[in-house]
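Notes for the structure review
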Amino acid sequence: QVQLVESRGGLVQAGGSLRLSCAASRNILSINVMGWYRQAPGNKRELVASITSSGSTNYTDSVKGRFTISRDIAKNTIYLQMNSLKPDDTAVYYCNANVLINTLMRAYWGQGAQVTVSS
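Notes on the structure follow. None of these values were measured; they are calculated from a predicted model.

**Thoughts on the state of the cysteines**
- Within this structure, the stated rule accounts for one disulfide.
- Bridging Cys22 to Cys95, the disulfide has an S-S length of 2.0 Å. On the sign convention where negative means left-handed, the S-S torsion of about -80° between Cys22 and Cys95 marks this disulfide as left-handed. You can see Cys22 sitting in strand E3 (residues 18-24) and its partner Cys95 sitting in strand E9 (residues 91-101), a full 73 residues away along the chain.

Spelled out as structure tokens, the structure:
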């Protein structure tokens, strides 16, 4: 079982920055993959960035060079630093944790954080 608590999102102007955090209820090194997804109105939820237990990161093409996923192991927290924000980044951002239990990967989700980028 994993509980995920996200920080609040916010309203920023285009070109601005925002950092999201997600605190897990267990040692994040025991979580196979953690990441950030986002969902804009009318769109499917999409993966934005992920980080594995070994520290490998992955980003969707549209955020490469602008967003950075990181973690603080001592705090069991991951972060998403978002720079050079664009109106297209407007969405609800969800923290995700995937844990391998026996042979099944189980997904856990945070409550979501609204990020709105104004032009």
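That shown, we press on.
**Quick notes on the sheet that holds strand E7 (residues 67-72)**
- Reading across the sheet, the four strands line up as E1-E3-E8-E7 and stay open at both edges, with antiparallel pairing between neighbours. Of all strands in the sheet, those bounded by a partner on one side alone are strand E1 (4-6) and E7. Recorded for the sheet is a direction-independent mean angle of 20° between the axes of neighbouring strands.
- Bridge count between E7 and strand E8 (residues 77-82): six bridges; the pairing is antiparallel. Bridge pairing links Asp72 to Thr77 in E8.

Reading guide: rules and limits
Residues numbered from 1 in each chain as written. Predicted model: local features only at pLDDT ≥ 70, side-chain atom pairs only at ≥ 80, totals over all residues. Heavy atoms only, no water. Disulfide = S-S within 2.5 Å. Helix = DSSP H or I, 4+ residues; strand = E, 2+ residues; numbered from the N terminus. Pairing = 2+ DSSP bridges. Axes fitted to C-alpha atoms, helices over the stretch in contact; angles between N-to-C directions.

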